[in-house]
Amino acid sequence: MSRSILRKDSTAQGVAKQRLIETLAPPDKRIINDPYADRFVIGASLIKLMGHKFSVWLTKMLAPGFHEHLIARTRFIDDLIKDRVAKGVEQYVILGAGYDMRAHRLELPPSLNIFEVDQPEVQARKRSNLPQELMNADNVTYVSVDFNHQSLAKQLLAAGFDQSKPTVFTLEGVSQYITKEAVESTMKELAVLTQETSATFFISYVDKCLDENPAACFGKGYPNAVKRAEAIKHFSAKVGEPWITFYTAREMEGLLYRYGFSLKENKTLAELNSMYFTPVGRTLPEDQIVKLEHFVVAEC
Ligand SMILES: C[S@@+](CC[C@H](N)C(=O)[O-])C[C@H]1O[C@@H](n2cnc3c(N)ncnc32)[C@H](O)[C@@H]1O
């Protein structure tokens, strides 16, 4: 694997790794199931050997609650997609898809047109690791876009995106890596793409508190919150994908409004803990809550 792809896909691998770890949990305890995650993670065999409990413990040593935070985000979007598909959405655009396998693991109807958008190098590695037999393989179209430099609308329309079909877009774990200008121009392009139809837009964003008041980004009593916030930023910069973009809730709502979207939900692990982890006996205590990233659903 070349050095350039390693630099480009390290964060995509990072989240796939947490999905792999969660998938190793006993079925009655796990929050999501991603049977394909191991295909994209270097060292997957070792993680499988270590198992769910030990791997979650290791993640906890680095940042308590971070595994659960990422898994809650994945589950929240899984539920959103299933709900919107049941309500008649006909297209799904996965922005910054990385090694997201929702298209194939959620038992979505074959009539749903799915577009996966990411950098060409990440898509090439993903496609070369896909199994031959894959549910809904024919409904996925790969669209290469660099959000910082290319027009999303132009690329999507060229790939067959239908502006008359109700659509759901997700931008999961991406906004922090691209410029504010790129986030805004992506929203502007979504507004253009959806002017003739209804749309749901999921976006996750990192709260400005990470820069300005790190303690507020974690639950009360979280150990070494300030140091941990610095370590998270330092780590992402070191692997070549620094976090550069942050918002307040007000800024995000204003931005969505500017492009015709009204905010429906804004959640963090603080709210999703009781929804997902409590029913399976895995409630996180307050001092392990990570709430630096928000999960937002907007509609137009
Ligand atoms: C943390 S990963 C999240 C991947 C996926 N959404 C998930 O949750 O599994 C961030 C993704 O954003 C993509 N990305 C980062 N900068 C990008 C850019 N400028 N244009 C297109 N994609 C980008 C990366 O290639 C990577 O797949």
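Going by the structure above, here's the rest.
Criteria and cut-off values
Once a new chain begins, its residue numbering starts again from 1 and follows that chain's sequence as written. Only residues with pLDDT of at least 70 are given local features in this predicted model, and only at 80 or more are side-chain atom pairs given and counted; all residues enter the totals for whole chains, interfaces and linings. Where side-chain values are given, they derive from all heavy atoms of the structure, hydrogens and water being excluded. Helix and strand definitions here come from DSSP, where helices need a minimum of 4 consecutive H or I residues and strands a minimum of 2 consecutive E residues; each element is numbered from the N-terminal end. Only C-alpha atoms enter the radius of gyration, while the globule expectation follows 2.2 Å times N to the 0.38, with N the number of residues. Each residue is assigned to one of three classes by its accessible area relative to the maximum for its type, calculated with a 1.4 Å probe on protein chains only: buried under 20%, partly exposed between the two thresholds, exposed over 50%. For this analysis, residues touch if any pair of their heavy atoms sits within 4.5 Å. Where accessible areas are quoted, they stem from the Shrake-Rupley method and a 1.4 Å probe; at the residue level, only the protein chains shown are allowed to cover. Multiplying one less than the number of residues by 1.5 Å gives the expected span of a helix. At any given residue, the bend is defined as the angle formed between two axes, one fitted to the seven residues that end at that position and one fitted to the seven that begin there. Being near a molecule or strand, for a residue, means having at least one of its heavy atoms within 4 Å of it. Throughout this description, a polar contact denotes any pair of N or O atoms lying within 3.5 Å of each other; where both atoms belong to protein, one of them has to be capable of donating a hydrogen while the other can accept it, and for residues adjacent in sequence the pair is counted only when both atoms sit in side chains. Residue type decides the class: Asp, Glu, Lys and Arg count as charged, Ala, Val, Leu, Ile, Met, Phe, Trp, Tyr, Cys and Pro as nonpolar, and the leftover types, Gly among them, as polar. Throughout, the arc means that of the directions going from the helix axis to the C-beta atoms. Here a strand pair is declared whenever DSSP counts at least two bridges between the two strands. Counting rule for disulfides: a pair of cysteine sulfur atoms within 2.5 Å. For this analysis, a salt bridge means a side-chain nitrogen from Lys or Arg found within 4 Å of a carboxyl oxygen belonging to Asp or Glu.

**A word on the overall build of the chain**
Helix and strand counts for the chain come out as 11 helices and 8 strands. Computed over its C-alpha atoms, the radius of gyration of the chain comes to 18 Å, within 12% of the 19 Å expected for a compact globule of 300 residues. Along the first, second and third principal axes, the C-alpha atoms of the chain reach 50 × 45 × 40 Å. When burial is assessed residue by residue, the chain has 54% of its 300 residues classed as buried. For the chain, restricting intrachain contacts to residue pairs at least 6 apart in sequence, the fraction spanning at least 24 positions comes to 78%. Entry remark: accessible area of the chain is about 13400 Å², with carbon and sulfur atoms responsible for 52%.

**Comments concerning the environment of valine 89**
As for its placement among the helices and strands, valine 89 is situated in the loop between helix H3 (66-86) and strand S1 (91-95). Exposure remark for valine 89: the relative accessible area of 12% places this residue in the buried category. As a C-alpha pair, valine 89 and histidine 149 span 60 residues in sequence and 29 Å in three-dimensional space. Other than its neighbours up to four places away in sequence, valine 89 contacts Arg84, Leu112, Pro166, Thr167 and Val168.

**Topic: helix H2 (residues 44-62)**
The first and last C-alpha atoms of H2 sit only 19 Å apart over 19 residues, clearly below the 27 Å expected at 1.5 Å per residue. Its axis deflected by about 105° at glycine 51, H2 carries its strongest bend there. Looking only at H2, the buried set comprises Ala44, Ile47, Gly51, His52, Ser55, Val56 and Thr59.

**Focus on unusual backbone geometry**
Within the chain, glutamate 107 stands out as a residue other than glycine whose phi angle is a positive 55°. Within the secondary structure, glutamate 107 is located in the loop between helix H4 (102-105) and strand S2 (113-118). Of note in the backbone geometry, asparagine 136 takes a positive phi value of approximately 65° without being a glycine.

**Side note on the site of the ligand**
Taken together, 21 residues lie near the ligand, and Arg19, Gly96, Asp118, Gln119 and Glu172 sit nearest. Contact distances for the ligand include 2.8 Å between a nitrogen atom and a backbone N or O atom of glycine 96. Here glutamine 119 contributes a side-chain N or O atom positioned 2.9 Å from an oxygen atom of the ligand. In the complex, 97% of the free accessible area of the ligand, which totals 590 Å², lies under the protein chains. For the shell around the ligand, the element with the most residues is helix H1 (residues 3-23), which contributes 5 residues. Residues that form the shell around the ligand fall into these classes: 9 nonpolar, 6 polar and 6 charged.

**A short note on helix H10 (residues 249-258)**
Here H10 has its buried residues at Met252, Leu255 and Leu256. Buried positions in H10, seen along its axis, are confined to an arc of 95° and lie on one side of it. Exposed and facing more than 90 degrees away from the buried side of H10 are Arg250, Tyr257 and Arg258. In the core, the buried residues of H10 are packed alongside helix H7 (180-193), strand S5 (199-207), strand S6 (246-247), strand S7 (262-267) and strand S8 (293-299). Positive phi appears at glycine 260, one or two residues downstream of H10, with a value of about 85°.

**Re the pairing of S8**
Counting buried positions along S8 yields 6 of 7 residues, so the element is predominantly enclosed. Of the pairings in the sheet, the one linking S5 to S8 comprises 7 bridges and is antiparallel in character. From the neighbouring strand, serine 204 faces S8, where its bridge partner is phenylalanine 295. The pairing of S7 with S8 spans 5 bridges and is antiparallel.

**Description of the state of the cysteines**
By definition, a disulfide links the sulfur atoms of two cysteines through a covalent bond. Taken as a whole and assessed by the stated rule, the structure comprises 1 disulfide. Paired by a disulfide, cysteine 209 and cysteine 217 hold their sulfur atoms 2.1 Å apart. Torsion about the S-S bond of the cysteine 209 and cysteine 217 cystine: about 120°, corresponding to right-handed handedness. Cysteine 217 gets classed as buried once you look at its relative accessible area, which sits at 0%.

**Notes on the pattern of salt bridges**
As enumerated under the stated definition, the model contains 21 salt bridges in all. Residue arginine 73 is joined to glutamate 293 by a salt bridge in which the shortest nitrogen-to-oxygen separation is 2.8 Å. Of this pair, arginine 73 sits in helix H3 while glutamate 293 sits in strand S8, and the two are 220 residues apart along the sequence. Given a relative accessible area of 5%, arginine 73 falls into the buried group. The exposure class of glutamate 293 is buried, given its relative accessible area of 1%. Here arginine 102 and aspartate 100 are joined by a salt bridge, their closest N and O atoms 2.8 Å apart. For arginine 102, a relative accessible area of 1% translates into the label buried. Within the structure, one salt-bridge network assembled from shared partners comprises Arg73, Asp78, Asp100, Arg102, Arg105, Glu172 and Glu293.

Everything listed here is a matter of geometry and, on its own, says nothing about what the molecule does.
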